[in-house]
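Notes for the structure review
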Amino acid sequence: MMSQKQKGICCILLSAFCFAVMNLLVKMSGDLPSIQKSFFRNLVAMIFALSLILKEKDQFHFQKKNLPALLIRSIAGTIGILGNYYAVDHLLLSDASMLNKLSPFFVIIFSYFFLKEKVSLFQGASVAIAFLGSLFIIKPTFSNVNLFAAMMGVMGGLGAGIAYTAVRYLGTKGENKSFIIVFFSAFSCIVTAPFLMIDYHPMTVVQFLCLMGAGLAAAGGQFGITFAYTYAPAREISVYDYSIVIFSAILGFLFFGQIPDVYSFIGYFIICGIAILSFFYNKKD
């Protein structure tokens, strides 16, 4: 039998792969507005999660006391998606994915302040070192023409970090996992729908299929991350989310011939290195 922590690790690795595939398909969908991509991504995810809820029948409800957390998860999650998609469209796939995965930094920080989850000295240091590694990817200089896109990627990571902290809270309060996803996806669709109607861009069959595939991959990623943070505390498993950089680098090279520069590789090395150290640290628990 797998422990709760091991289940959380497996779920977060699966989630990272799904989100890497999602980013690949979003980029392959071409020059469409980020809001349009977000709408279709969440529409598919909502239908997928809703179908699971309907099978359970008695699970289509939520605890009223959890409504604020559901709204925080949905607002922050929507901001996170829009920031991530903008970065995916303007940066290397691996760079955009890595910046979005600043979210574990923010999850650990927000979990400490709002959920009162303890953070050891080593875990706090690993967050700081990984953040320094991310600066090699962001390259925060005015000569960097992609600086705005990189900052949007950081905003995406911040939004995701807040959202996943809310997911962790909802999980501890016994909220249904499928309902959390449906609520978020429906909220995001409602918020982005007016903008979609104002500035809708016609899509080719290939673009439409890419967005449908991105939605399915996103559903897999959402379920993975939702289950992960309800199985175990963020401080124990969030570092495994960094595996997305490996998946994204491979996919970016295979499909777009993208090769990150030396600074990005240094950032990847630092972040992945601290992830490996954290793995051995957590094995002692």
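A closer look at the overall build of the chain
Of the regular secondary structure elements, the chain holds 12 helices and zero strands. Starting at the N terminus, the α and β elements of the chain follow one another as α-α-α-α-α-α-α-α-α-α-α-α. For the chain, the C-alpha radius of gyration of 18 Å lies close to 19 Å, the compact-globule estimate for 285 residues. The buried share of the chain, reckoned over its 285 residues, is 54%. Expressed as a percentage of contacts within the chain between residues at least 6 apart in sequence, the contacts between residues at least 24 apart total 90%. Of the roughly 13100 Å² of accessible surface on the chain, a fraction of 75% belongs to carbon and sulfur atoms. Positive and negative side-chain charges of the chain, numbering 20 and 12 respectively, have mean locations separated by a distance of 9 Å.

Observations concerning the packing of aromatic side chains
By the definition in use, this model includes 12 aromatic pairs. Pairing Phe40 with Phe208 gives two aromatic rings, centres 6.4 Å apart and planes at 80°, and the pair type is edge-to-face. Placement of Phe40 in helix 2 (residues 34-56) and of Phe208 in helix 9 (residues 205-231) is noted, with a sequence separation of 168 residues between them. Taking 6.4 Å as the distance between ring centres and 35° as the angle between the ring planes, the aromatic pair formed by Phe223 and Phe227 counts as tilted.

Some words on the environment of Glu175
Locating Glu175 in the fold gives a position in the loop between helix 7 (147-172) and helix 8 (177-198). Polar contacts involving the side chain of Glu175 include one to the side chain of Asn66, which spans 2.7 Å.

Quick look at the nonpolar core
The biggest cluster of nonpolar side chains holds 67 residues, and the ones touching the most others in it are Met22, Leu99, Tyr229, Ile237 and Tyr242. Element by element, the count of residues in this core is highest for helix 1 (residues 4-28), at 10 residues. Setting aside chain neighbours within four positions, we find Ile237 in contact with Lys5, Gly8, Ile9, Ile12, Ala228, Tyr229 and Ala232. Counting residues in each nonpolar core, the second largest holds seven residues, with Leu32, Phe40, Cys189 and Ala193 among its members.

Notes on the pattern of salt bridges
Across all of its chains, the model carries two salt bridges by this definition. Between Lys37 and Asp89 there is a salt bridge, and its shortest N-O distance comes to 2.7 Å. Placement of Lys37 in helix 2 and of Asp89 in helix 3 (residues 67-90) is noted, with a sequence separation of 52 residues between them. Exposure remark for Asp89: the relative accessible area of 25% places this residue in the partly exposed category. Ionic pairing is found between Arg168 and Glu117, a salt bridge with its closest N-O pair at 2.9 Å. Separated by 51 residues along the polypeptide, Arg168 in helix 7 and Glu117 in the loop between helix 5 (103-114) and helix 6 (121-138) bring together distant segments of the chain.

Things to note about helix 7
The end-to-end C-alpha separation of helix 7 is 38 Å, in line with the 38 Å expected for 26 residues at 1.5 Å each. A positive backbone phi angle near 80° is found at Gly174, which sits one or two residues after helix 7.

Some remarks on helix 1
Between its first and last C-alpha atoms helix 1 spans 36 Å; for 25 residues at 1.5 Å apiece the expected length is 36 Å, and the two agree. Directly beyond the C-terminal end of helix 1, a positive phi value near 85° is found at Gly30.

A look at the side chain of Ser34
Relative to the assigned elements, Ser34 resides in helix 2. Under the relative-accessibility criterion, Ser34 is labelled buried at 16%. In contact with Ser34, not counting residues within four places along its chain, are Leu82, Tyr85, Tyr86 and Asp89.

Examining unusual backbone geometry
Even without being a glycine, Lys116 presents a positive backbone phi close to 60°. By secondary structure assignment, the location of Lys116 is in the loop between helix 5 and helix 6. Judged by relative accessible area, which is 64%, Lys116 ranks as exposed.

What counts and how
Residues numbered from 1 in each chain as written. Predicted model: local features only at pLDDT ≥ 70, side-chain atom pairs only at ≥ 80, totals over all residues. Heavy atoms only, no water. Helix = DSSP H or I, 4+ residues; strand = E, 2+ residues; numbered from the N terminus. Rg over C-alpha atoms; globule rule 2.2 N^0.38 Å. Buried < 20%, exposed > 50% of the residue type's maximum accessible area, 1.4 Å probe, protein only. Contact = heavy atoms within 4.5 Å. Areas by Shrake-Rupley, 256 points an atom, 1.4 Å probe, with all protein chains shown as cover. Lys, Arg positive; Asp, Glu negative; His and termini not counted. Charge placed at Lys NZ, Arg CZ, Asp CG, Glu CD. Phe/Tyr/Trp six-rings, centres within 6.5 Å; stacked < 30°, edge-to-face > 60°. Polar contact = N/O pair within 3.5 Å; in protein donor to acceptor, adjacent residues only side chain to side chain. Core = buried A, V, L, I, M, F, W, Y, C linked by side-chain atoms within 4.5 Å. Salt bridge = Lys/Arg side-chain N within 4 Å of Asp/Glu carboxyl O. Expected span 1.5 Å × (residues − 1).

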